[in-house]
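# Examining the three-dimensional arrangement
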Amino acid sequence: MKKIVIVLLCLGMVQATYAQITLDGIVKDTLGNPLELANVIALNKKTNTLDSYGITNHEGRFRLSLKKNTNYTIKVSFIGLATINDSLTTKEADIKKDFVMKTDNSLQAVELTYEMPVTIKGDTIVYNADSFKNGSEKKLGDVLKKLPGVEVTDDGEIEVEGKTVSKVMVEGKEFFDGDSKLATKNIPADAIDKVEVLKNHNDVSQMRGLGNDQDNVAINIKLKEGKKNFWFGEVTAGAGPEERYIANPRMFYYSPKYSLNIITDFNNIGSIPFTRRDFFNFSGGFRNTSRNTGTNFNVATSDIGFLTLRNNRAQAIDSKFGAANFSYAVKKTWDITGFAIYSGSRTEISENSINNYLDENIPDESTITNTRQKSDLGLFKLSTTYKPNSNNQLDYDAFVKVSNQGERTDFFSSLLGDIDENQTQNPYSINQNFNYYYTANEKNIFAFEAQHLLQDEDPFYNARLAQSEQFRFTDILGLNTTQSGLNIGQDKRVKTNKLDARLDYWYVLNHKSNINITVGTTLSTQRFDSEIFQVLDDGSIFPLTNSMQEVTNDVKYNFSDTYLGMHYKIKTGKFTFTPGITAHAYSVKNTQFDSEFKDTFTRFLPDVDIRLQLKNSENINFRYQMQTDFTDVNNLATGLIFNNYNSLFRGNRTLENALSHNLNLSYFSFNMFNYTNIFAFVNYNKRVDPIRNRSQFLTIPGTNPGDPDVLSTNSVSSPFNSSFADETFSANGRFERTFGKLKASVGGSYSLSKFTQEINGNRNVNESFTQSYQTRLSTNFRNAPNIEVGYNLSINKYDQGNITNTFTTNSPFVNVDAYFLKSFVFTADYSYFNYKSEERTINSYSFLKADLAYQKKDSKWEYTLSGTNLLNTKSLNQDNSNNFSTSTSEYFIQPRYLILSVKYNL
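Let me begin by describing the structure that accompanies this report. (Residues numbered from 1 in each chain as written. Predicted model: local features only at pLDDT ≥ 70, side-chain atom pairs only at ≥ 80, totals over all residues. Heavy atoms only, no water.)

### With respect to the overall build of the chain
What counts, and what does not: Counting from the N terminus, the helices are DSSP H or I runs at least four residues long and the strands are E runs at least two residues long. Using C-alpha atoms as the atom set, the radius of gyration is obtained and then compared with a globule rule of 2.2 Å times the number of residues to the power 0.38. Accessible area is worked out with a 1.4 Å probe on protein chains only. A residue is then buried under 20% of its type maximum, exposed over 50%, and partly exposed in between. Here the open area of atoms and residues is found with the Shrake-Rupley method and a 1.4 Å probe, where only the protein chains shown may cover a residue. By the counting rule applied here, Lys and Arg register as positive and Asp and Glu as negative, while His and the ends of each chain are not counted. Lys charges are placed at NZ, Arg charges at CZ, Asp charges at CG and Glu charges at CD.
Each helix and strand in the chain was counted, giving six helices and 53 strands. Since a compact globule built from 906 residues should have a radius of gyration of about 29 Å, the 30 Å found for the chain is in line with a globular shape. Expressed along its principal axes, the backbone C-alpha trace of the chain runs to roughly 100 × 65 × 50 Å. Put simply, the chain has 906 residues, and 51% of those count as buried. For the chain, the computed accessible surface area is about 41300 Å², with 53% contributed by carbon and sulfur atoms. Put simply, the chain has 96 plus and 100 minus side-chain charges, and the middle of one group is 9 Å from the middle of the other.

Quick look at the structure:
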């Protein structure tokens, strides 16, 4: 495998650098000042095609790679200056040539004979999509991967200069706000004309430049003229052996007045358009109104924990998905947008695991798990924006999540035997957002933001297992032991009502500085009710009378935060300083078992943001923020709760807040002179008085009189404020460089976390050290097959005092796509994995998927033969670490399958 990679790399380099010479120079104005971001292109006179392009750097320098012995037209353009048209004939040697641009006195429109592949206009980077396509692209994600500075993750998220894109728009209209995966996986590549990357993005024009929007990146897709005011899209249907099927109608309509997008996906081939993780992470475009205030109070998910997919793969997956997104301009000042998403899945998960416990007195446990999941998820959003003039803007959003989920698990433990688990939940949440922005005059700007969350969660848990000495919860719960087995259930209900509101006022001193005053509040009320019960053999409910306070909860938790903050932003030279401080008055109160616990206090939280703008496209940013972290009601309920069959949890009503120090240093550079993109992050977090778990593993009496007791795997945990700080350090970065038709990148991430916990009265320091490194090289030829080769390495080390485990995964990969004979597209992705511990290789496996598509020129029909898991790999591996154990798991995946599909392009 390594030899193949080396050969392919060498061939690519030779092909890309053959018969090339360099043209470089400086672009200036008539005063001799260098012009940054001027466009320089070279048009081949014989073929009338663009052979090379460049953008000048801060010194006005440009560099083009040209063919030898060729006649070119050189065009130099800059906004406001007359375009230069020059002729050039290359020979065998490199050429140096400078250009002086003059003022454009012509009032006539300039006729462009060729569009620049990349143009930079302030904070906007515009990519001409056709300049990077070679004909093999199917969806937006395939196009984005070829753009310099843009990456698409395996999950479909878009990253620009290492920053996750927060919003995707098409023709300026929101496309399923809150998620970029639906765009990258569904928008047809042939409909894309331009890709606009909008850095320092803010939806409210009045707010631009007032705060720090450096991390806000949006993408706007411009469509080709033939795709506007017409329905476009595709309808795909396919089938294969073993009753495999796919059906994917996708339709889009865009006009200045309104837009409509309809996406559907039905399949049983393991292609998951929308996972449970996507559902819970889907923000709907909502942002935290308490941002930059220093308070961290998040409402946690209260389910027990459904088994999640590993790398979006499972033994069997049947998916049904439908989504619609619309926008409507009622009039120039009033827009309405919204979407509805449904995702249904039926999943089978099978895995084998080995758990190594931190305490050496606890025996290792091997488990076999077979799970069947049923999930129906729904998302709905309606938004409206009213902007009567440039000084007023009113926004309202309503975002609803509903679901119906169930999971049945057949579980075998080497210590406890057979266990049947059943979980169901039907939670919902309604999130509403109201914003009003008012500009009194150029000096005084106001913003009011309010957000309300109503959430109701009702997870039910049931476990059936045999009577056994290994199960140590019998006495604690007061279970009836005269039954044939133990049938234990748990009802739980958590209701949350949370309101956030803030009023911001900006006094603009001048174009370089402003003062921001913020006043706001967070008010939250949570109700937590739970009960553990036993079902007897005759179906009746047995009251657990050992202690009702042990098995029930009835908790009311109130949280309030009232704050007043001030920030001052000033630009001086290349620096921008934004120091600030926020004063908080906190109050927490929980009532349970007819008693009340209350705590009130005040705290001042400073923060600072320092930005050094080295060049237009290069900066260094430093941030520091002190933050108060609060828990929600789930950690405060003192009655027992099942985490799973092996673990009980008891809350702590006297928990205090944690104080954390957050530091972040980042560097970004996007250099179109030498086609280099660099980003790097360093983060450090220290949390004082953190909430940690104190776990007690229950004992099993010795078999014979006089034999010592041994520890079981059954534990009872409770949270407490640790006197030892948690620390986390992480760093990641990527270096990317384009050489002609070659794009190379190398990147890595590093994370070290350290925290202290208590197990059986002993204090243990846990350290987790993870590393991952990636390197890849890809070609982007227009008239030749393209190849991407790379290598991924991940190292996970877990040090838990008595136990140290290291797991390493080596993974080289090769991806090929080729457009040939003007009708065929062939793509193939191959990856190899070697997963090992310090002692041995645990598993080695490979993945190969390939597609061969045929579409006659100018035909609307396309025929594709697809194969997934062509090497018929049976299982994959993954390691994990928690508070008291490390585990390595083998999980089984879908077998090889072939699909013949037909697509009709609308």
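### Quick word on the packing of aromatic side chains
Applicable threshold: Note on aromatic pairs: the rings of Phe, Tyr and Trp (six-membered ring only in Trp) are paired at centre separations within 6.5 Å, and the planes decide the class, stacked below 30 degrees, edge-to-face beyond 60, tilted for the rest.
Enumeration according to the criterion identifies 39 aromatic pairs in this entry. Aromatic pair Phe175 and Phe176: ring centres 5.1 Å apart, planes at 80°, arrangement edge-to-face. Ring geometry for Phe176 versus Phe339: centroids 5.9 Å apart, planes at 45°, classification tilted. Here Phe176, found in the loop between strand S15 (173–174) and helix H3 (181–186), pairs with Phe339, found in strand S23 (residues 334–357); they are 163 residues apart in sequence, far enough to count as distant.

### Quick word on the side chain of Thr552
Cut-off, in case you're wondering: Residues are treated as being in contact if the distance between any of their heavy atoms lies within 4.5 Å.
Position of Thr552 relative to the elements: it lies in strand S33 (residues 552–572). Since its relative accessible area comes to 17%, Thr552 is described here as buried. Setting aside residues no more than four positions away along its own chain, Thr552 makes contact with Ser530, Glu531, Phe593 and Gly639.

### Observations concerning the pattern of salt bridges
Close approach of charged atoms allows side chains of opposite charge to pair. Note the following rule: Salt bridges are identified by distance alone: a Lys or Arg side-chain nitrogen within 4 Å of an Asp or Glu carboxyl oxygen.
This model, assessed by the stated rule, comprises 38 salt bridges. For the salt bridge of Glu862 with Lys138, the shortest nitrogen-to-oxygen distance reads 2.8 Å. Of this pair, Glu862 sits in strand S50 (residues 861–868) while Lys138 is found in the loop between strand S10 (124–128) and helix H2 (140–144), placing the two residues 724 residues apart along the sequence. Given a relative accessible area of 5%, Glu862 falls into the buried group. Judged by its relative accessible area of 26%, Lys138 falls in the partly exposed class. Salt-bridge contacts for Asp177 lead to Lys381; the nearest nitrogen and oxygen are separated by 3.2 Å.

### Looking at the sheet that holds strand S11 (residues 150–152)
Selection rule: Think of it this way: DSSP has to see at least two bridges between two strands before they count as a pair.
Taking strand neighbours across the sheet as the criterion, the three strands line up as S11-S12-S13 in an open arrangement whose pairing is antiparallel. Each of the sheet's edge strands pairs with one partner strand only, and the pair in question is S11 and strand S13 (163–164).

### Things to note about the nonpolar core
Put simply, the rule reads: We define the nonpolar core as a collection of buried residues of types Ala, Val, Leu, Ile, Met, Phe, Trp, Tyr and Cys that are connected through side-chain atoms lying within 4.5 Å of one another.
Counting 56 residues, the largest nonpolar core has Tyr53, Tyr127, Phe175 and Ile341 as the members making the most contacts within it. Looking at this core element by element, the count peaks at four residues for strand S17 (residues 217–223). Beyond its immediate chain neighbours, meaning those up to four positions away, Phe175 contacts Val168, Met169, Val170, Leu182, Ala183, Ile187, Phe252, Tyr254, Asn261, Ile263 and Asn325.

### Regarding the sheet that holds strand S3 (residues 49–55)
Our working rule: The convention used is that axes are lines fitted to C-alpha atoms, helices contributing only their stretch in contact, and that angles between N-to-C directions extend from 0 to 180 degrees.
Read across the open sheet, the four strands follow the order S3-S2-S5-S6; overall the sheet is antiparallel. The open sheet terminates on both sides in strands that have one partner only, identified here as S3 and strand S6 (81–89). Strand after strand, the sheet turns through a mean of 20° between neighbouring axes, direction not considered.

### So, the environment of Asn487
Our working definition: Distance and chemistry together define a polar contact, namely a pair of N or O atoms within 3.5 Å, with one atom able to donate a hydrogen and the other to accept it when in protein, and with adjacent residues in sequence counting only for side-chain atoms on both sides.
Among the secondary structure elements, Asn487 is positioned in strand S30 (residues 486–510). You can call Asn487 buried: its relative accessible area is 13%. There is a polar contact of 2.7 Å between the side chain of Asn487 and the side chain of Asn462.

### Observations concerning the pairing of strand S39 (residues 658–671)
Pairing of strand S36 (residues 618–630) with S39, which is carried by 12 bridges, proceeds in the antiparallel orientation. Bridging across to S39, Gln625 finds its partner in Asn662. Pairing between S39 and strand S40 (residues 676–688): 13 bridges, direction antiparallel. Bridging across to S40, Ser666 finds its partner in Phe681.

### Points about a positive patch on the surface
What counts is decided by this rule: For patch detection, residues must exceed 30% relative accessible area and be free of salt bridges, and they are connected within 9 Å for like charges or within 5 Å for nonpolar side chains (Val, Leu, Ile, Met, Phe, Trp, Tyr).
The grouping of Lys145, Lys185, Arg313 and Lys849 at the surface amounts to a positive patch. As for its placement among the helices and strands, Lys185 is situated in helix H3.

So, to be careful, I would describe these as geometric facts and stop short of saying anything about function.
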